[in-house]
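Working through the structure, step by step
These are the residues of each chain, in order.
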Amino acid sequence: MHLTDIWFLLIAVLWTGYLVLEGFDFGVGMLLPAVAKEPVDRQVTLRTIGPVWDGNEVWLLVAGGATFAAFPFWYATLFSGFYLALLVILVALIVRGLALEYRNKLPDGAWHRRWDLAITIGSAVPALLWGVALANIVRGVPLDAQHNFTGNFFTLLNPYALLGGLTTLVLFALHGAIFLALKTHGPVRDRARALVLPLGGATALLAAAFLIWTQSYDGSWITWTLAVLAAVCLLGGIIASRAGRDGLGFLGTAATIVLAAATLFVTLYPNVLPSTTDPAFSLTTTNAASTHYTLTIMTWVAAVFTPIVLLYQSYTYWVFRGRLTRDDIPQAARQARAA
Amino acid sequence: MDAIDLARWQFGITTVYHFLFVPITIGLSALVAGLHTAWYRTGKMKYRQLTQFWGKLFLINFAMGVVTGIVQEFQFGMNWSAYSKFVGDIFGAPLAIEGLLAFFLESTFLGLWIFGWDRLPKKLHLASIWLVAIGTQLSAYFILAANSWMQWPVGYTYNKASGRAELHDFGAVLTNKVALVTFPHTIAACFLTGGAFMLGIALWHLLRGGKERTELFRPAVKLGAITVLVAAVAVLVTGDIQGKIMTETQPMKMAAAEALYDTAQPAGFSLLTIGSLDGQREVWSLTVPHGLSFLATGTWNGKVQGINDLQQAYEQRFGPGSYKPNIPVTYWTFRLMILFGALSALIALIALWYIRAGSRSPSKWLVRSAIALPLLPLAANSFGWIFTEMGRQPWIVFGLMQTRDGVSPTVGAGSVLTSMITFTVLYGVLAVIEVALLLRFAKAVPAAPAGPESELAEPDAAFLY
């Protein structure tokens, strides 16, 4: 296995980790108005992701940095090519991040409601657009001989990519609903559980269509297998959740995201960004890569530090394990003044 | 304006804005960790109150630093894709390592610190805030290593076939002499900023008076003032070394900082020059004889090269073109950086003198200046950054690639304009919200604790979600 392949794998793992982790906190943000009617329930809902969402988002930053370091040409073409779409994602992430940090700083009902809206929109927009972006990467975009993007913003809004976006949107919402069912007691849990079936049905339909369509790009028996496994995990997750096995249900949607992402990355390989203009102009793991020396150093750094990071991140999840209820919200924090 | 100018403005605006929050984060995280340690060691309630008081302000500021930092990582690819391709083999590694080593540490342990008051063992909870502080400094180191490579590229070879700079010695990049002096200089400036932030707010509370409030904030005045003073000395020493290394590596930047057009030996340090900065006409000038010689070379009679000679030398080396940065900008930002840094140290010194003298309430004049105090180092930091980056122009990577060649070839001016307006407006709105929140919490007096320690496990609501 070449270092370039290892780094393709590592970046796929980082993106997958990002989608699994921030996937559920996007879902929680999106479902906020649907699962929490009372102010105290909104606090319960947000507190399920409070200690972890920031750490989850770092997966994106590391994925971005790793792409820059390991495949600079991929990084350069992708982010200059997807310019306006990325701008929208960045704005959404900025507003959402601040909303999560600032909404509880003042005991003011109107202040809470505004930031809550920002959280919901700021979670839905990236959930949709990351799917659009990933689908476009797999499908390919017009690249010239210098690997520069020659399309425009509307090139990215093709039916396949939009389907990809809708798929991640509902999949993350489902993932979030099952996460909330796992992490709460009381009204929030009841509402989240009631959402599992409708969201699960929508996800099953969209994901099936999207993954089958994906096979038309560079499908093989491996990608078919992965896609079928993703479907099995999705159904398993929904059934487990309906049966009240919340942990198993969450593992189900997490595995679905892993397998769906694997389907996409295996389809993509050995390209990193196919050119729809001429396959010869495609960016591949070889022509987009850094030198062997840089990749060697990066491999050592990743090999030493990734296990440490995984260890302490897991520890965070362990510390904040257990279900949250209204009783966990301090009395003082509940006294929001209605404006 | 075309795409290149817009991209430059956007980089300047987003970077300077991001760097308003970074120094407060770096300085204040260590100070909060210090207060938390004092609480852990002594068990005194006032330290707990202070930890939470500054902890809250720290979190409000940290949030802005994080969200504006995301933009920084992606805009190299968005606006500067030609640059990203040219240097990615070298420049990407520190960024990726920063994420893996520093960002994960900061964000994960900050989550543990905020939510861990009643869940973590006390020692581990204390360790969390220290790990956050360490994470912020690690982060600064890797970013400054990357930036220093742009100032003084080392450890690479230029590959003609691939048309890019390729890494051949990562150790050299991490131990770049520019990085080794820029890092302590920047960290010292960060502590100066964090200390001034603490001192300014604590002084304001002292004026408001009340016995309880005075008792509570006196240690913060002391901690803030001492931090500023120690940091100021460190800024001065490291800045002096940096000046000498800068003269060696980027003589044009030093000449531009002084608007020194003709090579001089000895060279005087211009405290203030009124005149046309193109060097044609000098109306009035206040100069320290031999000052620049010492600053630049370490000897009183050292020779300092002027802009005109350097321009000629660079033309011979790199071909025709202008190799002069914007002289008025470099000249003034260099001075303003020093001025604002020195002013903050002066105020801290006076404040410390008052406190030491046992005077209960400092003079009104001092307290009024306290309101400006947190802003002074912020101004100094911004001018310092603008000086460093503008002084490097026209190079994006010194001697290797000019800024105009680094821009994304396929991104139109319309796209860059859209994103520049978006970020400027968004950042403006967020600044208003952030300042309002900071002021509100800075003015609030921490509630005096009632009841035994065990009932206080959970901090007040604003700490939590």
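How each quantity is defined
- Residues numbered from 1 in each chain as written.
- Chains lettered and ligands numbered in written order.
- Predicted model: local features only at pLDDT ≥ 70, side-chain atom pairs only at ≥ 80, totals over all residues.
- Heavy atoms only, no water.
- Helix = DSSP H or I, 4+ residues; strand = E, 2+ residues; numbered from the N terminus.
- Rg over C-alpha atoms; globule rule 2.2 N^0.38 Å.
- Buried < 20%, exposed > 50% of the residue type's maximum accessible area, 1.4 Å probe, protein only.
- Areas by Shrake-Rupley, 256 points an atom, 1.4 Å probe, with all protein chains shown as cover.
- Lys, Arg positive; Asp, Glu negative; His and termini not counted.
- Charge placed at Lys NZ, Arg CZ, Asp CG, Glu CD.
- Contact = heavy atoms within 4.5 Å.
- Axes fitted to C-alpha atoms, helices over the stretch in contact; angles between N-to-C directions.
- Parallel < 35°, antiparallel > 145°, perpendicular 65-115°, else oblique.
- Nonpolar A, V, L, I, M, F, W, Y, C, P; charged D, E, K, R; others polar.
- Phe/Tyr/Trp six-rings, centres within 6.5 Å; stacked < 30°, edge-to-face > 60°.
- Lys NZ or Arg CZ within 6 Å of the ring centre and 35° of its normal.
- Buried area = accessible area lost by both parts, 1.4 Å probe.
- Salt bridge = Lys/Arg side-chain N within 4 Å of Asp/Glu carboxyl O.
- Polar contact = N/O pair within 3.5 Å; in protein donor to acceptor, adjacent residues only side chain to side chain.
- Expected span 1.5 Å × (residues − 1).
- Patch = residues over 30% accessible without salt bridge, like charges linked within 9 Å, V, L, I, M, F, W, Y side chains within 5 Å.
- Pairing = 2+ DSSP bridges.
- pLDDT = per-residue confidence, 0-100.
- UniProt positions renumbered as here; feature names shortened; annotations may be inferred.

Our next topic: the overall build of chain A. Broken down by element type, chain A carries twelve helices and two strands. Starting at the N terminus and walking to the C terminus, you meet the elements of chain A as α-α-α-α-α-α-α-α-α-α-β-β-α-α. Relative to a compact globule of 339 residues, whose C-alpha radius of gyration would be 20 Å, chain A shows 20 Å and is just as compact. A buried classification covers 62% of the 339 residues belonging to chain A. Of the roughly 12,200 Å² that chain A leaves accessible, carbon and sulfur atoms contribute 71%. Side-chain charges of chain A comprise 20 positive and 17 negative groups, with the mean position of each set lying 12 Å from the other.

Now for the overall build of chain B. Helix and strand counts for chain B come out as 14 helices and six strands. For a compact globule of 465 residues, the expected C-alpha radius of gyration is about 23 Å, and chain B comes in at 24 Å, within 12% of that figure. For the C-alpha atoms alone, the extent of chain B along its principal axes is close to 75 × 50 × 40 Å. Taking all 465 residues of chain B together, 59% fall into the buried category. Contacts in chain B between residues at least 24 apart in sequence constitute 79% of all its contacts with a sequence separation of at least 6.

Our focus in this paragraph is the packing of helix α4 (residues 72-81) of chain A against helix α2 (residues 45-79) of chain B. Contact geometry of α4(A) with α2(B) gives a least axis separation of 6 Å together with a crossing angle of 85 degrees. Of the possible angle classes, the one that applies to α4(A) and α2(B) is roughly perpendicular. Taken together, the residues of α2(B) that come into contact with α4(A) (itself represented by Y75(A), A76(A), F79(A) and S80(A)) are E73(B), F74(B), F76(B), G77(B) and M78(B). Taken together, the residues of the contact of α4(A) with α2(B) break down into six nonpolar, two polar and one charged.

Turning to the packing of aromatic side chains, a few remarks are in order. Applying the stated criterion across every chain yields a total of 55 aromatic pairs over all chains. Members of the aromatic cluster, each reached through a chain of ring pairs, are F68(A), Y75(A), F79(A), F11(B), F74(B), F76(B), Y83(B) and F91(B). Taking NZ or CZ as reference, R335(B) lies 3.7 Å from the ring centre of Y331(B), over its face.

Every contact between the two is made by 72 residues of chain A and, on the other side, 71 residues of chain B. When the area that chain A buries against chain B is broken down by residue, the three leading residues are F68(A), Y83(A) and K105(A), summing to 11%. Inspection of the region where chain A meets chain B yields zero salt bridges. Inspection of the chain A/chain B interface yields 17 residue pairs in polar contact (both at pLDDT 80 or more). Only α2 (39-49), α3 (53-70), α4, α5 (83-102), α6 (109-139), α11 (292-319) and α12 (331-334) of chain A provide two or more residues apiece to the side of chain A that touches chain B. Of the residues belonging to the side of chain A that touches chain B, the class tally is 47 nonpolar, 18 polar and seven charged.

The end-to-end C-alpha distance of helix α6 (residues 177-208) of chain B is 47 Å, a good match for the 46 Å that 32 residues give at a rise of 1.5 Å each. When you tally the buried positions in α6(B), you get 25 out of 32 residues, the bulk of the element.

Quick look at a nonpolar patch on the surface now. On the surface, L271(B), L272(B), L286(B), V288(B) and W332(B) cluster together into a nonpolar patch covering about 380 Å² of accessible area. When contributions to the nonpolar patch are tallied by element, the ones reaching two or more residues are β3 (269-276) and β4 (281-288) of chain B.

All names here are of chain B. In terms of strand pairing, strand β1 (residues 156-159) meets strand β2 (residues 164-167) through four bridges, oriented antiparallel. Across the sheet, Y156 pairs through a bridge with L167, a residue of β2. Connecting β1 to the antiparallel partner β2 that follows it, the hairpin turn spans four residues, and G163 within it adopts a positive phi of roughly 70 degrees.

Quick look at the packing of α6(B) against helix α14 (residues 413-443) of chain B now. Any two packed helices are characterised by the angle at which their axes cross and by the distance between the axes. Residue and element names in this part refer to chain B. Across the interface, α6 lies against α14 with an axial gap of 10 Å and an inter-helix angle of 50 degrees. Regarding the angle of α6 to α14, the classification is oblique. Contacts from F197, I201, W204 and H205 in α6 reach L438, A442 and K443 in α14. Across the contact of α6 with α14, the residue classes tally to five nonpolar, one polar and one charged.

Let us look at the confidence of the model for chain A. A residue-level look at chain A finds 97% of positions with pLDDT of 70 or above and a mean pLDDT of 91. For chain A, α12(A) is the element with the lowest average pLDDT, namely 62, and helix α7 (residues 159-183) of chain A is the one with the highest, namely 95.

Residue and element names in this part refer to chain A. The sites that carry the UniProt feature "transmembrane region" (unreviewed entry) are, in the present numbering, residues 6-36, 82-103, 115-137, 157-182, 194-215, 221-241, 248-272 and 292-312. Split by type, residues 6-36 is 97% helix and 0% strand. Its first and last C-alpha atoms lie 43 Å apart. For residues 221-241, the helix share is 100%, the strand share is 0%, and the end-to-end C-alpha distance is 30 Å.

The next point concerns the environment of A255(B). Residues and elements named next belong to chain B. Locating A255 in the fold gives a position in helix α8 (residues 251-258). By relative accessible area, A255 is classed as buried at 0%. Spatially, the C-alpha atom of A255 lies 16 Å from that of Q151, the residues being 104 residues apart in sequence. Ignoring any residue separated from it by four or fewer positions in sequence, one finds A255 in contact with L260, Q305, G306, I307 and L310.

All names here are of chain A. Under the defined criterion, the tally for this structure stands at 13 salt bridges over all chains. A salt bridge links R189 to D246, with the nearest nitrogen and oxygen atoms 2.6 Å apart. With R189 in helix α8 (residues 187-218) and D246 in helix α10 (residues 246-268), this pair connects stretches of sequence that are 57 residues apart. Judged by its relative accessible area of 14%, R189 is buried.

Attention shifts here to the environment of V304(A). Along the chain, V304(A) falls in helix α11. Once the C-alpha coordinates of V304(A) and V258(A) are considered, the two residues, 46 residues apart in sequence, prove to be 24 Å apart.

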